[in-house]
Structure formats: C-alpha cells, structure tokens
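# Report on the structure
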Protein chains: 4
Amino acid sequence: MNRIGESITLTLFGASHDSRIGCVIDGIPPGYPVNVESITADLELRKPSAGIGTPRVEADVPEISGIVDGITTGCPVVITFSNSNTRSSDYEQLRRIPRPGHADYPAVSKFGPAHDIRGGGMFSGRMTTPLVAAGALLRDLIGSLGISVGSYVTRIGSVVDTNTYDPADVLTRSRTNPLRAMSSGIEDRMRAEILVAKSDGDSVGGIVRCFATGLPAGLGEPFFDTLDGEISKAVFAIPGVKAIGFGEGFAAAGLRGSENNDAYRIQNGSVVTLTNHAGGVLGGMSSGAVLDFSVAFKPTPSIAKQQMSVDLLTREDAELSVKGRHDPCIANRGAIVVEAMTVFTLADLALRGGFLV
Amino acid sequence: MNRIGESITLTLFGASHDSRIGCVIDGIPPGYPVNVESITADLELRKPSAGIGTPRVEADVPEISGIVDGITTGCPVVITFSNSNTRSSDYEQLRRIPRPGHADYPAVSKFGPAHDIRGGGMFSGRMTTPLVAAGALLRDLIGSLGISVGSYVTRIGSVVDTNTYDPADVLTRSRTNPLRAMSSGIEDRMRAEILVAKSDGDSVGGIVRCFATGLPAGLGEPFFDTLDGEISKAVFAIPGVKAIGFGEGFAAAGLRGSENNDAYRIQNGSVVTLTNHAGGVLGGMSSGAVLDFSVAFKPTPSIAKQQMSVDLLTREDAELSVKGRHDPCIANRGAIVVEAMTVFTLADLALRGGFLV
Amino acid sequence: MNRIGESITLTLFGASHDSRIGCVIDGIPPGYPVNVESITADLELRKPSAGIGTPRVEADVPEISGIVDGITTGCPVVITFSNSNTRSSDYEQLRRIPRPGHADYPAVSKFGPAHDIRGGGMFSGRMTTPLVAAGALLRDLIGSLGISVGSYVTRIGSVVDTNTYDPADVLTRSRTNPLRAMSSGIEDRMRAEILVAKSDGDSVGGIVRCFATGLPAGLGEPFFDTLDGEISKAVFAIPGVKAIGFGEGFAAAGLRGSENNDAYRIQNGSVVTLTNHAGGVLGGMSSGAVLDFSVAFKPTPSIAKQQMSVDLLTREDAELSVKGRHDPCIANRGAIVVEAMTVFTLADLALRGGFLV
Amino acid sequence: MNRIGESITLTLFGASHDSRIGCVIDGIPPGYPVNVESITADLELRKPSAGIGTPRVEADVPEISGIVDGITTGCPVVITFSNSNTRSSDYEQLRRIPRPGHADYPAVSKFGPAHDIRGGGMFSGRMTTPLVAAGALLRDLIGSLGISVGSYVTRIGSVVDTNTYDPADVLTRSRTNPLRAMSSGIEDRMRAEILVAKSDGDSVGGIVRCFATGLPAGLGEPFFDTLDGEISKAVFAIPGVKAIGFGEGFAAAGLRGSENNDAYRIQNGSVVTLTNHAGGVLGGMSSGAVLDFSVAFKPTPSIAKQQMSVDLLTREDAELSVKGRHDPCIANRGAIVVEAMTVFTLADLALRGGFLV
C-alpha cells in the first residue's frame, strides 16, 4: 500500500504524469514549526543536474496545507506538487514491450491494462519528490532530540571513494555539489563516469552512505519493528535500491567476534564505543553510536541502447530502445531520498518509543 | 512491537528463559492442512549441531492449537515450546556490564531495570524457534501457488563458496548437513573454520543465500510494502543480521544498465529473463524470475575472550569474558530462520495481493 | 488518527477553514470505473437546505486525481474540495470560551494553543464532505456484489416516523427531499420542528435509519473486526453521533430469545429469515438479511441562545452566545454521511473477506 | 482478525472447546506490576452463577507468562486458560441446522466446513474469559492516571432499574452480586425474571451501564479513532451486544441543544460540567466528565424451546431445540466483559495520546 509508518504515517499519492503528486503526513505533534526553506533546500538536492540529469525539470514548489501561521495544528500536513513537464506519448508502447530491469512487466502483470504507465506511473523516480519534502519537514522534529541525518555518495560505477570522513563533516560537505561527493576531485571523476555512460546510451549505478548522529540508545521497537528493519523497508521503497548494509555490512561475515564487537568505554561520564562496526544498531535498537549504513542503487534501467524484450500482445521476442527522458545515474539524486526516508523512520520510531511526546 | 505481517500476522511471545515461548499466527485461511512432519524437519535444521553449536539443547517439540482434525479452522494457530534447559544465573551480571556487540546496552537503556536479561530475554536466538515453526507451517500454503523456498550458506568466516548452483538443487541439497553447505568438501572447511574460532574463545560470521522459486509476477504491494522491503524488514528481525542484497546486491553499483538489465525472451509461450541480476525483484514486485537474495550474519557477540566493557552502575570501565552457552557461529543455524521469514512474507504478500483466497 | 479501514483505507485531511480539504482512498482495485455523477448526487444530499440549513454554502465540486480515462489504476484516488466561503473571525473567542456540547474544550486540552479552531477545525461538519464523496465513489464497487445502501430520517426532535417501509423503497424515496423523510407529510412536520427551534435560537436532534441490501452472509472479520463494530467505529466518527443500535437495538434487552431469534426458512432454495430482529448481523458477520441499524444525532451544540461556559484564561465563569453560521439540525444532512461510512466499511470488509478481488 | 488495539494490542486465540484459550497483550510498558488477585476477582464476576447460569463451570485459573518477579518486562504478556469441561458431541448437528439468532449460519457460510463449531468455536462466550483477564490486568495501568471503570445492570427483560446512582458507588456496589444489580431488591427481581424465562426453555436480554471516572480531557484520537468509536468497536466484539449509547444516547435525538448541552462552570479552579448529557465524550474525545454509556445485550439465542431452522445439507426446513449448556441471560455476566473492553480501550488510547509513557 501507499502508506508507511505507524505513529507518524506518510501516505503517498499521484503518479509521474498525474496533474498533482503529493503526500499526507499524519501524526506530527501540534505546535511544531514547519521550515519551508529547509524543504526547498532538500528538494534542490533531488533535482536533476544540468548535463548529467534528465532534461525533464519540474519547478518542485511545495504547496503545504494543514498548518496555521507556520506551525502544525495536530491535523495532517499535506504537501503537493504540480506536474507540468510531462510527455506521456513516449510511454504507451511500454505496456506491450516492457523495459528490461524496469517495473513495467510486473506492474502490468499485477495491475492489468488499467496500470498507469505514463512516465512509469507510481514507479517513477518522480514519486520521490514528496518523500524528500516530507523528510525535510521532519528534520526539525528529530532535531529537537539532537539527531541529524546526512549522506554522501561513495561510489559511482567504477569510481569509489575509499576515504574515511567524520560524520559531522558528511552532514554538510556533500550538500555542496549535485554528485553528493565529499571532494571536488571525486566529484569530477564521478561526473566523468556518468557522462561516458550517457554518451554510450547507457547508465551506471552507485552507493550512498548515510549517517545519523545524536541518536539516543534504544530507538527501535523489536522484535519486528527494528531500527535496521524499518529503515531497510523504507529505503527499499526508493526506486533502484538493491542492497543495504549496516556498519560493516556484508564484510561482518568475514570477521571474528573479537574484531567485530565494538568495545565500550566511559568517556566524560558517557558510554561510548571505541569502534562502530555495528553501524550504531544492536538488537534492532540504536546503540547510541552513529547510525551508519550504505545503500546500493542499480544503474537506471531506461537506456537508449537497444535491448532484448518481448511483445506481451503477440507473445514474440522484440527489441527495445528506450525513448523518454531519463537520468544516466540515479544514485546521486537518490542520496537525499535515502536521507528523507531515514529522517521519516527515525521520527516515527522516536514517537513510537516515547522519545518525543 | 512483537507482531509482523498484515493479511497473515505473526505475534511472537516469550523470552529465552520463560517457561514457554511461542507465536500466534492469525489470518491463515480455513481448511488448510497443517503438516507437523514438515515443522519438525525445519526445526531440526535450527538445532545446534554437536561440536559446533551451543550445549544448550531443547527438545523443541511444538504444541499446536487452533486446528481441528489437522486442518485450520479460521481461528488463529498457536505454536508453543517449553523451555527447560535454562541457566539464568549466568546472566545477571550483564545488566551492569553489557556485552560488546550484543543488545544488552540498548535494551537496558530502553526497557530499564525491568528488562528480562536472562538468556538475552527476547533478544535471544531462542526466539527464532517459533519463527521457524511458523515458516514451516506456511510452506504448504505458498506451495499451493507453486512457490518453494530454500537456502544455503555461501560463507563462514574466510571460507567462501563461489560455485553457482541451480536453485532447484539448493532447495534440497543444503538440508542434509548442519552447516547448510552445498557440498561435503565445503562443509568440512566451514566446520573447521568454526572450530578454530571456538577454540580461540572467539566466533565467526557468515552469509546465507536464499532462493524462492515459482513466484508469479506481481507479488509485493508498492509503493512502500515492496517485496524486497518486506523481506528485509522480516530478515533484519533475526538476531545478528547486518546486510541484505537482492540479485547483484552491492555489486549492481559497479555495473552499467546494459549489463545489469535482465533481457526478456519468450520461451514456450512464457516471458522469461535470460539472466537474473535483479534477483527476481523489479519495482518492489516479483518479476517472475527466481527470488535470490543474500543475508550477512555477524559473528556471535558472546565470546569467551576478554573484552572491554563498562560498569553501568559505577560508570567505570570494566572487563568482560562472557559465560553462558553460545554458538561460535549462527549463520548456519540462521539459514532456516531466513527461509522461515521469507516463507512468512511471501504468504502474507500472496494473501494481500489476492494470489491466495 | 485520520485514517480508517484496512484493505481499503481512507485518509482525511484539511480543516474547516483550510484552503482545501480532501481524502486519499488507497486500495481500490485497478480497472474500476469512477462515476462522477453519483458523487455529485450524494454531495447534493449533504448540502445545507435553503431555510433550514447554515447560510455557509460551498460549491463542493470534487477534484479527483489518481484515475486515468475514468478508471482506477491501482494508485490511490485523491478527492479534494476547495473552501471559499469562510469567516474565520467568528471563532477566535472560542479558544478561551468553549462552546458547551462542542469539541472546543477537549480539543484545546489535547492539542494546546496550536489547535485550529477556525470553523471548528477538523471537528467541523465540513470534514464530512470528502467522506460523502468517498462513499459515493465506492457505491459501484459494492454494487458489483449486489449491495445497495440507503437511509431515511425516522425522527427530528419530537416528530417520529413510526411507519414500516420496504428497504428497497428507502434506497430511493428519501433522496427526493432535503429532510430525507419518507413522505411529504412527515417532511413538512420535520421542517416545521426545525424552523421552530431555529427561531428560538436553538437546535434539535434526530435519528437516521440505514439499510444495506444484497449482502452475502459472512461479511465481517470477527473476533474484533466485526461488521457491527466496524460500522459503529466509522459512524461515531461523524460529528454529533451519540448512539447506534442494530435491528431491535436497545429494545432487544426487553425481549425473550424466542421473540428475538429470527427463524430460518428455505425460500426458492435460499436460506432466509422470517423476521429481522438482528438487523442482519449475527456473530459480527452479515447474516444475509438486510443490514438495518439506527443512529442518533444530538442537537447541534452551536446555538444562539445564551449558555453558561467558562473563560479558560481567567479560569472564571463566562456566558456565551454562539455566533457563526450553524445548522439548527444536522441529522438530515448526516443521513448521507451515515450511508457513506457504511458503504466504505462494507467495501473494506468485502475486500478483506475475499468477496471482492 | 483476532487483534484489537494499536499502542497496546490484544490478540485472542483458542476456541470454546480447544484445550487452551488465551490472549497476548503487547505494548504494556516495562516495569508495571501485575496484580493476580485483581484478575481473579474480575474473573469471578464472569463466572456463571449457581441457578441462573450454565452448568458448564471452568476453573478459570489464569496462567500468565511474560512477567518476571511480578512485573512486566517490555515483552508481551500471555494469559491462558485450560478448557476441561467440554462436551463437543452436543454441537455437530448445528453445522447442518444452524441456531436462529446465533453465529452458526454466517460462520459456516464464511469459514466453510472447516469452521470449528464445537461449543460455538470462536463465537462462544467462553472467549470472553481472556478478555476479562486482560482488562483486569490493565486496571492498574489506567489507575495510575486516576481512571476507574465499573458497571451495573440496569435492565433484565422487563425489570428496569430507573434509579440514579453516584458513579463512585457503581464502581464498587454492583460487584457484590452475580446479577450486577445495585440493590438486593432489584437483584431479587432480576433473578426471578431469569428463572421464569429459564423454566420456559427461553432466555432474556438486558442492559449494562458502564462508567469510567477520572479521565483527563482529550483522550481519543479523532478523526476516526474516537473514544466513543473505539469503545463501540471493542464492545460490539462481545457476543450478544446489539446497541450502544453515550450519555443520553438515542434520547438525545428528542432534545434541544439548550437542553442537551452540558454547561461549563469553574469549581475549585477546575472546569466541570453541571450535567453530563454527553456521557463524557465530545468530538470523539473525553471531556473530563464521567464516561457514561449503556450497552444492550440480546437474549441468549440458544434456547430449549423448539424453533424453526433449516437443514443446510438438504436445503429443507427443519426444527431445532438447542441442546448443550447455555445461560438464560448473558447481560449480567457480560457486564464485567464490557468493563474489560473499556479498560483495554482506555489503556490503549492513553498510550496513543501520550498520557502514559
């Protein structure tokens, strides 16, 4: 269904070529200020970037209702965006000849001929716009607990950033460039990687690493509504995500317990860990250390190169070269979406756990 | 909370050293046969193995109610197990001196002094017993759609199985040995890896790869209740899981779209993919290809080696050597739990999506 | 929270004096036609009537998104209405001096100073506009099962309609007049009752009786999600409702089992009941007989007559005469809202129970 | 489904003639004492009374798990009861010849031949045993907010108690007799009414009035999760309930606003209402006045008198005289169940609303 969360819920609506898309956020406590600048700033990081992004550019001006004099009232908050720059004619053929690697085929199998295939319908990256706005709106809510969320891109195709960064640094520095890279040198290499793929009529994948600092210990509602499980569910809703790992992630499988366990010490009267192999999650709850996880985005499936597909009507093999306007890489634009889903999940779990009232 | 699922829900109860643990499964359609042999067989794969597992051995005889003459009635099904082999005295100290890498510290932070720390309480691997039974019970339900679920262990510490196997083979072959290895040669090497760690007072991690065959296209309820997201949430509830990846997983980030997209062809009148980089998931729905994902288990945090911890009462540094009876590796025993959570999630999504009535 | 339902969910948003109000309906199967005329017709029955209703009149033109070429796609359907005829200045005083019998006092207690008190905020009868539209939209969905829902007003103040009507007759006849009366004679008397109260600066209550015909046996999901319980929950969300009774309702307490039990007989091969004291509900499920329940609306609390209240700021007694534009009776306008909530609940339960796929 | 509640959930399992029945209560905060005496005392009020109740008597000894040293740990609490006094042979015939007024016919329609009809299965009054225990267990939780819940029987058949009582008096006095009457004179008349019906092979209905004192203003989560709506849903799950009304209930329809509105005054610095026509609910939230509602129970449908039914196999008319052991009145035993569902709902809403942490 198109709803996520429990104490705070987000209901997403619209489709890529609908006149409007948006979301309803229910459960935000009354009396909470809504910061439109913060929303606009995060939306900016989701926009396609000149040269490396899709030529479809939307104004992305949020219309927000359910607030009075800039503060929440206890009613749901609704954020909507109008779609204007749509070219639906590009898509009708895909109902018959599905794009390899895209949602077309399972969507038509599931929803039948009524499936809205224009622009990818509800499976379009366009649907992440309201998610980013919702996440931005809730930053101040978890900020009241001292929690901040940021991310950066650690990999685009073959370009890998192997440096180690201070989480506090990540929260700000990667916001300065559309690649969400931590240095201009890496930014340049990542941009080049994307442009080469684009010129080949192809696309590349990437990895986003996300941090949340300032979490109290105990956030998460085991047995099943774990911190890592809820974040994973939220993040897998983002189009293109294929993997997630917390702390060492898959590398933990190759470690010994004595290497992977994070030793506790007392520093200034507080419990700290000397390392963070766990990525800040133990037993499905925040440990008090920095939440640290990485997310893999696959290369955009919509590519100009000719591909093998099938004609679902004639049940014969067919070839396909995808028209329409698509990003050659979505990992960099996806970073702010990962942050948004993380902020949302933390806000929901903070309310569920009684950390916010 | 201790409930998962929507159309079929599972509510887990008990704790490691409670007199009984169990679960309530609600929403199974009436008239469905319950196969106790299948449950016992799956429970056998969860049991610790002589030599490489914990010396705590429980009979694990399921008591099942809510069925009449071997079939479901439309009432909830309840499965319980008695705990007999408990030694709670080993644990009281952990309330003050939390085990590094374990849930102790966040649990005490969250639940306070009332936290049931005996045997790890609700954070114990013991809690996965009812999960395995529930999964086994639901195998026939998804089996009626032609779906089968199996898994094998691809890595224990430094021992990595890089072979490629036919999914149909995986469904049966790895059930013959407690390591869940695909060959006796690999089994021997994995066992040796565990025994060396154990003799060092240490532990090792591992990776489980899970397959589900026979899925129709369209299973999963996007935007948020995606097939990959729901499986991830269910799998991260298993103690020790740190990462999950579908198909290529993190490796997708290094691929081009033309490499990662799975070409469609018509074979015998059906739509098939020539490859399965997507792991059987597109747009949060099953694509019709084999569901294929891998899960990383960290090394067991409870190790005999001395570790640095803190005394939460005196707020001073402390040292800890974990007593109690613990597995030096949980990945192999975790494989059947991954299968169980997968079966459960597929059953729930099949009912939600109208595939089962 | 502002969401109801499970397989079909309705999320309500906005407030009396927001620029827009509306709802998101998620879970409607794809390929289902949306009948705008039916929506407009039901909205007409909710509008205030000249002479006996509030002078605040809104155009109530629904803007519907999430459909393509007049049919649902599997995406959520969003229905919104703009508010134009608002006079918020009438309300600010009520934050300090709450109206007796109105939500003002508990709302300010719960939501604090951020509560949106303009026009009653989310507690306004205005919020029932999207509910009526949603119910109208779903009539065709349950219509595909042969289910029809109608209602009439059996009481306004001291005017009581004690006649017995054929349910099929009720489904159509009461739609011809704004009092929702079953005859013009009763309509005249009810109108007079309201006008007298109005001229006294006062208001009157009323009773709505609702029928649903064509239900299959077995709709409802006991133990807790019963047909009567779910309808009651949905109906108590309508502002002003104070009681609900199915079939004999409270009168059942005075009957013997031999009087109250509805005898079964076979007619034309079908199981029928000779009477319907149960109102079509047994064990929380539809019995196959006509669903028959009555709902009491209290008199509108906002009256011009002077009333005793308190000043929440000075903590002193205060007097109040309510300004603003209010209906002297809401039962007649409430009838179509009762129908809408009933249609919604039946649609949700039909999907949950596998009656619709 | 067999679960109710949100922040605190109750999952009910078992059936009338299962070996065990019980419930899982999830979400109770850790560190909360569990009072077994209070549970036993409430269960006593649910037991059939010598002479006027069913001869089926169960020990009703609760087995409680999920607590350590008498306090909750944050894990779910499980309460079970064994069934011993069952005579399933009485029931098989009812699968073919359903009892008029009972759940048999819709249950067989819904669940098919797998429906557990022994003792009424999950539709038996037996299933209310765990509900009463759960309610009793949660009394202390809402007691920590100053909330107390009690009830009395205002009507059995033609015997009506028209006296007015102080709510504080109701909380204790009606617990002294199995009729839940407020005086021995009324108790005697009610008992006689039941015995006459019983000797006629018949049954009688009744009305329970329930009070909750000490509620803060603002309990309830509008728009849809209202205090009155949630209580109604919970109460309609009790077998035999046909109507509910808050405060004036249906009588409000005959009042004017100036009569029905409850005037506010300041008394000792607090806001009070001079009357309580609203029954303590305004806008779906507690008003701060005493919660006051009445619930109608129908006469027990299982009666010895011969009744008209049908044979579902031959599709012919049939006659039926119900064997088995049944109460000639369930309203008096139902009173404590109404209290239990009320306590549960108030506890859940108190947690949801942040009144308890």
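Residues numbered from 1 in each chain as written. Chains lettered and ligands numbered in written order. Predicted model: local features only at pLDDT ≥ 70, side-chain atom pairs only at ≥ 80, totals over all residues. Heavy atoms only, no water.

## As for the pairing of strand S16 (residues 291-297) of chain D
Residue and element names in this part refer to chain D. Burial analysis of S16 places 7 of its 7 residues in the buried class, which makes it a mostly covered element. Residues Leu 291, Phe 293, Val 295 and Phe 297 of S16 are buried on one face, and the alternating residues Asp 292, Ser 294 and Ala 296, pointing to the opposite face, are buried as well. Relative to S16, strand S10 (residues 206-213) is paired through 7 bridges, and the arrangement is antiparallel. Residue pairing in the sheet places Cys 210 in a bridge with Phe 293 of S16. (Buried < 20%, exposed > 50% of the residue type's maximum accessible area, 1.4 Å probe, protein only. Helix = DSSP H or I, 4+ residues; strand = E, 2+ residues; numbered from the N terminus. Pairing = 2+ DSSP bridges.)

## Structural notes on the pattern of salt bridges
This structure, assessed with the given rule, holds 112 salt bridges over all chains. Measuring nitrogen to oxygen at the nearest pair gives 3.6 Å for the salt bridge that ties D:Lys47 to D:Glu44. Exposure remark for D:Lys47: the relative accessible area of 22% places this residue in the partly exposed category. The class of D:Glu44 is partly exposed, set by a relative accessible area of 46%. Here D:Arg46 makes a salt bridge to D:Asp60, at a shortest N to O gap of 3.9 Å. Linking D:Arg46 in helix H1 (residues 36-46) with D:Asp60 in the loop between H1 and strand S4 (63-65), this pair joins segments that are 14 residues apart in sequence. Each member of the pair, D:Arg46 together with D:Asp60, is buried. Through salt bridges with shared partners, one network takes in A:Glu6, A:Asp225, A:Glu230, A:Asp348, A:Arg352 and B:Lys233. (Salt bridge = Lys/Arg side-chain N within 4 Å of Asp/Glu carboxyl O.)

## Some points on the UniProt feature "binding site: FMN" (unreviewed entry) in chain A
Residue and element names in this part refer to chain A. In this structure's numbering, the residues bearing the UniProt feature "binding site: FMN" (unreviewed entry) are Gly 283, Lys 298, Pro 299, Thr 300, Pro 301, Ser 302 and Arg 325. What stands out for the annotated residues spanning 43 residues is how far apart their C-alpha atoms range, the widest pair being 43.4 Å apart. Residue position: Pro 299 is located in the loop between strand S16 (291-297) and strand S17 (307-311). A relative accessible area of 0% places Pro 299 in the buried class. (UniProt positions renumbered as here; feature names shortened; annotations may be inferred.)

## Some thoughts on the UniProt feature "binding site: NADP(+)" (unreviewed entry) in chain A
UniProt feature "binding site: NADP(+)" (unreviewed entry): in the numbering of this structure it lies at A:Arg46. Once residues lying within four places of it in the same chain are set aside, the contact partners of A:Arg46 are A:Asp60, A:Gly125, A:Arg126, A:Thr128, A:Thr129, A:Val132, A:Arg333, A:Ile336 and A:Val337. (Contact = heavy atoms within 4.5 Å.)

## A short note on the relation of the copies chain A and chain B
It takes a turn of 180° to lay chain A on chain B, together with a shift of 0.0 Å along the axis; the resulting RMSD is 0.0 Å. Those values place the two copies in the arrangement expected of a two-fold rotation axis. (Least-squares fit on C-alpha atoms with pLDDT ≥ 70 in both.)

## Remarks on the interface of chain D and chain B
Opposite the 32 residues of chain D that make contact, chain B presents 32 residues. Where chain D touches chain B, the interface holds 0 salt bridges. Our count for the chain D to chain B interface comes out at 2 residue pairs in polar contact (both at pLDDT 80 or more). Contributions of two or more residues to the side of chain D that touches chain B are made by strand S2 (9-13), strand S3 (20-26) and strand S6 (71-72) of chain D. Ranked by the residues each element gives to the side of chain D that touches chain B, the list is headed by S2(D), at 4 residues. Here the residues of the side of chain D that touches chain B are counted per class, giving 14 nonpolar, 12 polar and 6 charged. (Polar contact = N/O pair within 3.5 Å; in protein donor to acceptor, adjacent residues only side chain to side chain. Nonpolar A, V, L, I, M, F, W, Y, C, P; charged D, E, K, R; others polar.)

## Section: the packing of aromatic side chains
A full pass over the atoms with the stated rule returns 30 aromatic pairs over all chains. The interplanar angle of 75° and the centroid separation of 5.1 Å between the aromatic rings of A:Phe223 and A:Phe224 together place this pair among those described as edge-to-face. The two residues A:Phe223 and A:Phe224 agree in class, both being buried. With centroids separated by 5.4 Å and ring planes inclined at 80°, the aromatic side chains of A:Phe236 and B:Phe246 adopt a geometry described as edge-to-face. A residue pair is termed interchain when its members come from two chains, as with A:Phe236 in helix H6 (residues 227-236) and B:Phe246 in strand S11 (residues 241-246). What makes B:Phe246 buried here is its relative accessible area of 0%. An aromatic cluster is built from A:Tyr152, A:Tyr165 and A:Phe211, whose rings are joined through pairwise contacts. (Phe/Tyr/Trp six-rings, centres within 6.5 Å; stacked < 30°, edge-to-face > 60°.)

## Notes on helix H2 (residues 104-111) of chain C
Every α-helix carries 3.6 residues per turn, so stepping three or four residues along brings you back to the same face. With respect to burial, H2(C) is a largely interior element, 7 of its 8 residues being buried. On its buried face, H2(C) sits against strand S12 (264-267), strand S13 (270-273), strand S14 (281-282) and strand S15 (285-286) of chain D. The positive-phi residue at the C-terminal boundary of H2(C) is C:Gly112, with phi of around 75°.

## Let's talk about unusual backbone geometry
The residue after B:Pro222, namely B:Phe223, is reached through a cis peptide bond having omega 15°. If you trace the backbone, B:Phe223 turns up in the loop between strand S10 (206-213) and helix H6 (227-236). Phi angles above zero are rare outside glycine, and C:Asn268 is one such case at about 50°. Looking at the secondary structure, you find C:Asn268 in the loop between strand S12 (264-267) and strand S13 (270-273). With a relative accessible area of 81%, C:Asn268 lands in the exposed category.

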